Amino acid sequence: MINIKFLPGRPQRSLELDLDRLEHFLVTFLQDEVQRRKGFDKVVIALSGGIDSSVVTYLAARAFGSENVYTLALPYATSASTSLEHAQLVVDDLGVQHDTINISAAVDGYASCVSNMTNHRKGNIMARVRMVIAFDKSYEYGALPLATGNKTERLFGYYTWHDVGDAMPVNPLGDLFKTQVRALAQHLGVPDVIIDKPASADLIPGQSDEDDLGITYAKADAILLHHLAGYEDAFIVSLGYSQAEIDLVKRKVANTHWKRELPINAMISSTAINEYYLRPVDY
């Protein structure tokens, strides 16, 4: 194996993107994956009122028309009231189809049957109940569910495995860092109140992403960008980031690789799915 070392003077990489071209690509991607490859004309999105699901909704409305986009608000008893308000801003702006389903009874029904329930366990239950509802409503609507997870969350493992951000068959944001999603949101016209509020999964009252992660998205994305491209720690430190911040980012990526993989299958044949048997586009 060749160990490539970058020279200290190598220019730093940029998170900036051509947003016009990005919008066109993602809209085309959705049309190709949803309509041509999977045969659906409608999509369903769990719209939390956060920036990621809002951006996916704006892209979907451009790709399929507002009448073919179904959004779901899925609040729990402790969800912030602003989540519903901000989701409604998106619905009103785009004119997409919308439904609100309170998940409290479903979550509490299970939580009441087990002992030692914690806030984090209940948060995971909320996330997976939302996934179940989104798939069920997709059957009702004849629509394909879209995922909403961004690249930073995925690399950090900062999501509930098999939730609405992770489990759905098509994800337009999966290769965009959080800061890039924010820039795209501004470009698409997502309301400023959604863009500017602290990012939160809204699973535990008062929770915020950056508090949980121990680093801001701006720092995390810059470190990830260079770390993934093979830059050495010393170079990243020279850009103004501490070794402790770099170590935190690298540790989160290394410890959560399993969450970014499909279930590991024991291979006993030459036609193992996703190992030997691939669809033509995978070659």
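Refer to the structure presented above.
Predicted model, so just to flag it, every value in this text is computed and none were measured. (Residues numbered from 1 in each chain as written. Predicted model: local features only at pLDDT ≥ 70, side-chain atom pairs only at ≥ 80, totals over all residues. Heavy atoms only, no water.)

Caption draft 1: Structural context of the pairing of strand S1 (residues 43–46). With burial as the criterion, each face of S1 is covered, one bearing Val43 and Ile45 and the other bearing Val44 and Ala46. Pairing analysis gives four bridges linking S1 to strand S2 (residues 69–73), with the strands arranged parallel. Within S2, the residue paired with Val44 across the bridge is Tyr70. For the crossover that starts at S1, traverses helix H2 (residues 51–64) and ends in the parallel S2, the hand is right-handed. The pairing of S1 with strand S4 (residues 144–145) spans two bridges and is parallel. Residue pairing for S4: Val44 is matched across the bridge by Pro145. (Buried < 20%, exposed > 50% of the residue type's maximum accessible area, 1.4 Å probe, protein only. Helix = DSSP H or I, 4+ residues; strand = E, 2+ residues; numbered from the N terminus. Pairing = 2+ DSSP bridges. Right-handed = clockwise from strand over helix to strand, strands pointing away.)

Caption draft 2: The packing of H2 against helix H7 (residues 178–188), seen in detail. It is the contact of H2 with H7, at a shortest axis distance of 10 Å, that shows an interaxial angle of 50 degrees. Between H2 and H7, the angle falls in the class oblique. In this structure, the crossing between H2 and H7 has a hand that is left-handed. Each of Ile51, Asp52, Val55, Tyr58, Leu59 and Arg62 in H2 lies in contact with H7, whose residues at this interface are Lys178, Val181, Arg182, Leu184, Ala185 and Leu188. (Axes fitted to C-alpha atoms, helices over the stretch in contact; angles between N-to-C directions. Parallel < 35°, antiparallel > 145°, perpendicular 65-115°, else oblique. Left-handed = near helix turned anticlockwise from the far one by under 90°. Contact = heavy atoms within 4.5 Å.)

Caption draft 3: Structural context of the side chain of Glu245. You can see Glu245 is positioned in helix H12 (residues 243–255). Residue Glu245 is classed as buried on the basis of its relative accessible area, which comes to 18%. Leaving out residues up to four positions away in the same chain, Glu245 has contacts with Ile215, Lys219 and Ile223.

Caption draft 4: Representation of the pattern of salt bridges. Applying the stated criterion to the full structure yields twelve salt bridges. Across the pair Glu33 and Arg37 runs a salt bridge, and its minimum N-O distance is 3.5 Å. Taken together, the positions of Glu33 and Arg37, both in helix H1 (residues 19–37) and four residues apart, correspond to about one turn of that helix. The residue Asp52 makes a salt bridge to Lys178 at a minimum N-O spacing of 2.9 Å. Linking Asp52 in helix H2 with Lys178 in helix H7, this pair joins segments that are 126 residues apart in sequence. Asp52 gets classed as buried once you look at its relative accessible area, which sits at 9%. Connected through salt bridges with shared partners, the residues Asp32, Glu33, Arg36, Arg37 and Lys38 form a single ionic network. (Salt bridge = Lys/Arg side-chain N within 4 Å of Asp/Glu carboxyl O.)

Caption draft 5: Broad picture of the pairing of S2. Extensive coverage of S2 is indicated by the burial of five of its five residues. Neither face of S2 is left uncovered, since the one carrying Val69, Thr71 and Ala73 and the one carrying Tyr70 and Leu72 both have all their residues buried. In this view, the connection linking S2 to its parallel neighbour strand S3 (residues 97–100) by way of helix H3 (residues 81–94) has right-handed handedness.

Caption draft 6: How the structure looks around the sheet that holds S4. Pairing is parallel across the open sheet formed by four strands, whose spatial order is S3-S2-S1-S4. Two strands close off the open sheet at either side, each with one partner strand: S3 and S4. Along the sheet, H2 contacts S1 and S2; its crossing angle with S1, the most-contacted strand, is approximately 165 degrees. Contacts between helix H5 (residues 119–141) and the sheet are confined to S1, S2, S3 and S4, with S2 contributing the most and set at about 145 degrees to the helix.

Caption draft 7: Molecular detail of H5. With 23 residues, H5 extends 32 Å between its outermost C-alpha atoms, agreeing within 8% with the 33 Å of an ideal straight helix rising 1.5 Å per residue. Among all positions in H5, only Gly123, Ile125, Met126, Ala127, Val129, Arg130, Met131, Ile133, Ala134, Lys137, Ser138 and Tyr141 are buried. Buried residues belonging to H5 abut S1, S2, S3, helix H4 (104–111) and S4. (Expected span 1.5 Å × (residues − 1).)

Caption draft 8: Molecular detail of the side chain of Ser83. Mapped onto the secondary structure, Ser83 falls in helix H3. Residue Ser83 is classed as buried on the basis of its relative accessible area, which comes to 12%. A polar side-chain atom of Ser83 sits 2.8 Å from a polar atom in the side chain of Asp202. Apart from residues lying up to four places away in sequence, Ser83 is in contact with Ser48, Gly49 and Asp202. (Polar contact = N/O pair within 3.5 Å; in protein donor to acceptor, adjacent residues only side chain to side chain.)

Caption draft 9: Examining the nonpolar core more closely. Core analysis: the largest hydrophobic core is formed by 35 residues, its most contacted members being Val55, Leu59, Leu146 and Leu184. The set of elements that each furnish at least two residues to this core consists of H1, S1, H2, H3, H7 and helix H8 (192–196). No other element matches H2, which puts nine residues into this core. Counting residues in hydrophobic clusters, the runner-up holds 21 residues, among them Phe177, Ile236, Leu248 and Val249. (Core = buried A, V, L, I, M, F, W, Y, C linked by side-chain atoms within 4.5 Å.)

By themselves, these observations are geometric and do not establish any function.
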